[in-house]
Amino acid sequence: MMDLAHERYEALEQHIRESNPAADLARIRAAFEYADKHHGSQLRKSGEPYIIHPIAVAEIITELELDQDSIIAALLHDCIEDTDSTHDDIARLFSPQVADLVEGVTKLTRMQYTSREDEQMENLRKMFMAMAKDVRVILIKLCDRLHNMRTLQYQSDVKQKEKSLETMEVYAPIAHRLGMQKLKWELEDLALCYLDPVGFHDVEEALNELTRENSEFLERMQKQIEERLNEDGLHCTVYGRLKHLYSIYRKMYAQNKTIREIFDIYAFRVMVDDIPSCYNVLGCIHDMFKPVLGRFKDYIGTPKPNGYQSLHTTVVGRDGIPFEVQIRTWQMHQTAEYGVAAHWKYKQGMANSNLGTEREFEWVRKLLESQQDTDPDEFVRTLRVDMFADEVFVFTPNGDVKSLPAGATPIDFAYSIHSAVGNSMTGARVNGRIVTFETPLKNGDIVEIITSKSAKGPSRDWMKICKSNEARNKIRQWFKKERREENIATGRASFETELKHAGLSIAAITATPDLLDTLLRRVRFGALDELYAAIGYGGMSAQKAVGRMKEEMTRLGRLERQRAEAEALRTAVSSGETIFPAGKAGAQAKPRHSENGIIVEGLDNCMVKFSKCCTPVPGDPVVGFITRGYGVSIHRQDCPNADPARRKPEEAGRWVKVDWAESGEATFRTSLEISAKDRDGLALDVAMALSAQKVRLNNISARSQPDGYAMVNLELSVKDKTELSAVVNKLSQVSGVFLVRRAGG
Ligand code: MN
């Protein structure tokens, strides 16, 4: 009598014989015997001999119709990890290629994929792909995970949750990226079953009930579609099915819908021979049933990034049940189900065609580096995953993933964490061992930086060693800043001394931001510190700077006197009064017009800007704030940023009274925020309402909220508050809108 392991192996061999008649069965059997011997009496948690697992993985690989080396590597995949077998042994007995595959799988097995923030997960997935180098390593690892998920019931609760989370966050998305829908679905359904057993069974139950109710519907529709298409002379095959459980679960829970509210629980697939037939079938379907608006998608014209192609449409049958129809060629179907693995299925038929011109495989080409001038078999063997060849992914000691440029060193890593870490670095450990700063990091390395408070800071050599611009810039900044602070200190001291000689003080030149700006412009600097740094560095002498500033102040004083005199004259003439001495009358003059629409008490035509937080328009009670160097910023009096209770006492003097001038034809930008029930065409209706009011729309953005509501943000230009109120009124009447409010304030 044969033992269980041999029985399973014979079944596998039979399967291989059928799907791959050219396979070297002796080599494959040798792999089985080698693995069986090395795993020896090891048992799985299920109590079965360990070797059953590699056989099962090889079985899945065979179903995918991968090449012979992949089958051999699948049988050996746990040998390096779990037995005393080594890369060299396998290379000698089988081939270096097989040994590389097994070692690749081992590396992925050793990696920890603890759950992280979303951005971390993306890096983890990239690291996973980058570490594999050969896409077959990923495929074997995915099949390994699939079998482990199928037999997860024997593991502890903790292990079940951990593995399921990893499957959901790392393995299923990778299967998706490789276009392997079928494998992805099974992984997701299995993982969901452990992650949310209650939700899983609820959906399962609801689905079973629906199936009982509507099994006859599926059959009838399938027949109806088939008959009609055949009548029209379209050669095709139709399948009816329910969507996979996890996708329904997601719709029910994420979008808070009941199973009966989900549009595409039922899906029909129509498989045809060529692309023109796809569009012909679509025409027929739309003729037979009423299409649901906005649900037609042409993934043949615009394939998904993972290469998926099909036409999708949702229609409503006579019984009022909506269902989705997916139309594709057989070849598209293979790619949809097996993704990158479909390549091996097609390799026979493609032997004579140039892969580079096959549109279907464009994405494979992008995804994987093809080796030119090699025969198709060679191509298969050398399929490499190098999408991320210019990046390296490493772990921090707490398991965060950092993405760095290829060839990055511990210096790059330290500065990617924080410049303070880089600046105080004294040493580095990689995977627990002290390394030199030049050591290039490898995918999956755990890197730890040793820092010290007494570190002297970076050395100039580091700029040559590091690979990232980030590190280089931060090191450069450190050098510049070290010098800069000294420069500023000495520059400031000599500037102040020179001012005193000229009979001026710092207070005199910083009296208003406008004056300071003008003076700095005269010496061609943007800020005082820059001027100080330049004086300290010797780029400008303190004497020269003070001299020029003094000249400028004299000139400004003269201008101001002339202007005031002219103003006084004008006021006196227009009011019929006698002419008063200059200065006194000038202070009384209040222009009612202003270029920017605002009158600031005590300051004529100064620079004004309308604050972004509350976007005031004429008619709003407003208040002004004298900023440091940007003129007066205008807030609404009810803006939180202008709230008297929140003003800083030391800035009390900066708040000034302002009022609207007669602004004529000018318009003012302001923002509105709309809350509404989410629906198609909402943003369009909002835009239409504005155009009916003849109001200029500068910007519109709409965001759907997870709860079925939407937020629409508008930026528009209006003349004044009256016009704005009319707009708000009009917008409140748009269907679905329940709140229109001004942003801020
Ligand atoms: Mn395994």
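Cut-offs and rules
- Residues numbered from 1 in each chain as written.
- Predicted model: local features only at pLDDT ≥ 70, side-chain atom pairs only at ≥ 80, totals over all residues.
- Heavy atoms only, no water.
- Helix = DSSP H or I, 4+ residues; strand = E, 2+ residues; numbered from the N terminus.
- Buried < 20%, exposed > 50% of the residue type's maximum accessible area, 1.4 Å probe, protein only.
- Areas by Shrake-Rupley, 256 points an atom, 1.4 Å probe, with all protein chains shown as cover.
- Core = buried A, V, L, I, M, F, W, Y, C linked by side-chain atoms within 4.5 Å.
- Contact = heavy atoms within 4.5 Å.
- Phe/Tyr/Trp six-rings, centres within 6.5 Å; stacked < 30°, edge-to-face > 60°.
- Lys NZ or Arg CZ within 6 Å of the ring centre and 35° of its normal.
- Donors = N, O, S within 2.8 Å, 3.2 Å for Na, K, Ca; no water.
- Pairing = 2+ DSSP bridges.
- Axes fitted to C-alpha atoms, helices over the stretch in contact; angles between N-to-C directions.
- Patch = residues over 30% accessible without salt bridge, like charges linked within 9 Å, V, L, I, M, F, W, Y side chains within 5 Å.
- Salt bridge = Lys/Arg side-chain N within 4 Å of Asp/Glu carboxyl O.
- Lys, Arg positive; Asp, Glu negative; His and termini not counted.
- Charge placed at Lys NZ, Arg CZ, Asp CG, Glu CD.
- Polar contact = N/O pair within 3.5 Å; in protein donor to acceptor, adjacent residues only side chain to side chain.
- Parallel < 35°, antiparallel > 145°, perpendicular 65-115°, else oblique.
- Left-handed = near helix turned anticlockwise from the far one by under 90°.
- Nonpolar A, V, L, I, M, F, W, Y, C, P; charged D, E, K, R; others polar.
- Expected span 1.5 Å × (residues − 1).
- Bend = angle between axes of the 7 residues up to and from the residue.

Undergrad: So what exactly am I meant to see when it comes to the overall build of the protein here?
TA: If you tally the helices and strands in the protein, you get 29 helices and 22 strands. A total of 745 residues make up the protein; the buried ones form 45% of that total. Taken as a whole, the protein presents about 38400 Å² of accessible surface, with 50% of it coming from carbon and sulfur.

Undergrad: Looking at this structure, how should I read the nonpolar core?
TA: Considering soluble globular proteins, one finds that nonpolar side chains tend to be buried as a cluster. Leu-76, Leu-142, Leu-178, Met-180 and Phe-323 are the most contacted members of the largest nonpolar core, which has 113 residues in total. Looking at this core element by element, the count peaks at 10 residues for helix α12 (residues 197-231). The residues touching Met-180, leaving out its near neighbours within four places in the chain, are Leu-64, Leu-139, Leu-142, Ala-175, Glu-337, Tyr-338, Gly-339, Val-340 and Ala-341. Counting 32 residues, the second-largest nonpolar core is a separate cluster that includes Val-656, Leu-672, Leu-714 and Val-734.

Undergrad: So what exactly am I meant to see when it comes to the packing of aromatic side chains here?
TA: For any pair of aromatic rings, the description rests on two quantities: the centre-to-centre distance and the angle between the ring planes. Tallied over the entire structure, the rule returns 16 aromatic pairs. Centre to centre, the rings of Phe-437 and Trp-462 are 5.4 Å apart; their planes meet at 85 degrees, and the pair counts as edge-to-face. Here Phe-437, found in the loop between β12 (433-435) and β13 (447-451), pairs with Trp-462, found in helix α21 (residues 462-465); they are 25 residues apart in sequence, far enough to count as distant. The same class applies to Phe-437 as to Trp-462, namely buried. Ring centres of Phe-610 and Phe-668 lie 5.4 Å apart, and the angle between their planes is 85 degrees; on these two criteria the pair is classed as edge-to-face. Here the residue Phe-610 occupies a position in strand β15 (residues 608-610), and Phe-668 occupies one in strand β19 (residues 668-677), the gap between them amounting to 58 residues. Following the ring pairs from residue to residue traces out a cluster consisting of Phe-217, Tyr-266, Phe-268, Phe-289 and Phe-323. Taking NZ or CZ as reference, Arg-44 lies 6.0 Å from the ring centre of Tyr-50, over its face.

Undergrad: Before we go on, may I ask you to explain the coordination of the manganese ion in this structure?
TA: The reference angle at a metal is 109.5 degrees if four donors form a tetrahedron and 90 or 180 degrees if six donors form an octahedron. Surrounding the manganese ion are the protein donor atoms His-53 (NE2), His-77 (NE2), Asp-78 (OD) and Asp-144 (OD), at 2.2 to 2.4 Å. On the primary sequence, the residues serving as donors to the manganese ion are separated as H-x23-H-D-x65-D. Here His-77, found in the loop between α4 (68-75) and α5 (79-82), pairs with Asp-144, found in helix α9 (residues 135-150); they are 67 residues apart in sequence, far enough to count as distant. Assessed through its relative accessible area of 3%, Asp-144 is described here as buried.

Undergrad: Help me out: how do you make sense of the sheet that holds strand β11 (residues 425-430) in this one?
TA: By way of backbone hydrogen bonds, the strands of a sheet pair with one another, either parallel or antiparallel. Strands sit in the order β12-β11-β13 across an open sheet of three strands; the sheet is antiparallel. Because the sheet does not close on itself, it has two edges, and the strands there are β12 and β13. Here the average twist between neighbouring strands, direction ignored, is 35 degrees. As paired strands, β11 and β13 are joined by five bridges and run antiparallel to one another. Paired with Arg-429 across the strands is Glu-448, a residue of β13.

Undergrad: Help me understand a positive patch on the surface in this model?
TA: A cluster of like positive charges, contributed by Lys-107, Lys-133, Arg-433 and Lys-442, occupies part of the molecular surface. With respect to the helices, strands and loops of the structure, Lys-107 is situated in helix α7 (residues 96-110). Lys-107 gets classed as partly exposed once you look at its relative accessible area, which sits at 38%.

Undergrad: Looking at this model, I keep getting lost on the side chain of Arg-742. Mind explaining?
TA: Tracing the backbone shows Arg-742 in strand β22 (residues 737-742). What makes Arg-742 buried here is its relative accessible area of 15%. A distance of 3.0 Å separates a polar side-chain atom of Arg-742 from the backbone oxygen of Thr-615. Of the polar contacts made by the side chain of Arg-742, one reaches the side chain of Asp-620; its length is 2.7 Å. Discounting residues that sit within four places of it in the chain, Arg-742 has contacts with Cys-614, Thr-615, Pro-616, Val-617, Asp-620, Arg-636, Thr-670, Ser-671, Leu-672, Lys-721 and Leu-724.

Undergrad: Is there a simple way to explain helix α15 (residues 330-338) in this structure?
TA: Every α-helix carries 3.6 residues per turn, so stepping three or four residues along brings you back to the same face. Burial in α15 covers these residues: Met-332, His-333, Thr-335, Ala-336, Glu-337 and Tyr-338. In the segment just after α15, Gly-339 is the residue with positive phi, at about 55 degrees.

Undergrad: Just checking my understanding: could you explain the pattern of salt bridges for this structure?
TA: Pairing between side chains of opposite charge can happen when their charged atoms approach one another. Applying the stated criterion to the full structure yields 28 salt bridges. Glu-552 serves as the salt-bridge partner of Arg-522, at 3.4 Å between the closest nitrogen and oxygen. Taken together, the positions of Arg-522 in helix α24 (residues 513-522) and Glu-552 in helix α26 (residues 542-575) put the pair 30 residues apart, joining distant regions of the chain. According to the relative accessible area criterion, Glu-552 is buried, its value standing at 7%.

Undergrad: Where do I start with the packing of helix α1 (residues 4-19) against helix α2 (residues 25-39) in this structure?
TA: Helix-helix packing is described using two parameters, namely the angle between the two axes and the distance between the axes. It is at 11 Å that the axes of α1 and α2 come closest, and there the two elements cross at 155 degrees. With respect to α2, the axis of α1 lies roughly antiparallel. The hand of the α1/α2 crossing is right-handed. Residues Ala-5, His-6, Tyr-9, Glu-10, Glu-13, Ile-16 and Arg-17 of α1 lie in contact with α2, whose contacting residues are Leu-25, Ile-28, Arg-29, Phe-32 and Asp-36. Of the residues belonging to the contact of α1 with α2, the class tally is six nonpolar, one polar and five charged.

Undergrad: Please clarify how helix α10 (residues 157-177) should be interpreted in this entry.
TA: Over its 21 residues, α10 extends 29 Å from the first C-alpha to the last, a length consistent with the 30 Å expected when each residue adds 1.5 Å. At Thr-167, α10 shows its strongest bend, of approximately 40 degrees. If you check which residues of α10 are buried, you get Gln-160, Ser-164, Glu-166, Thr-167, Met-168, Val-170, Tyr-171, Ala-172, Ile-174 and Ala-175.

Undergrad: Looking at this structure, how should I read the pairing of strand β18 (residues 655-660)?
TA: In summary, the side chains of a regular strand alternate between the two faces of the sheet. Both strand β14 (residues 598-600) and β18 contribute to a ladder of three bridges, which runs antiparallel. Counterpart to Ile-599 in the pairing with β18 is Asp-659. Strand direction decides the pairing type here: strand β16 (residues 622-626) and β18, joined by three bridges, are antiparallel. Its bridge partner being in β18, Phe-625 is matched across the sheet by Trp-655.

Undergrad: Quick question: what am I supposed to make of the sheet that holds β14 here?
TA: Here five strands make up an open sheet; going across it, the order is β14-β18-β16-β17-β15 and the pairing mixed. In this open sheet, the two strands that pair with only one neighbour each are β14 and β15. In this sheet, adjacent strand axes meet at a mean angle of 35 degrees when their direction is disregarded. As defined by bridge partners, β15 adjoins strand β17 (residues 632-636) across three bridges and the pair is classed as parallel. Across the sheet, the residue bridging to Val-608 is Val-632, located in β17.

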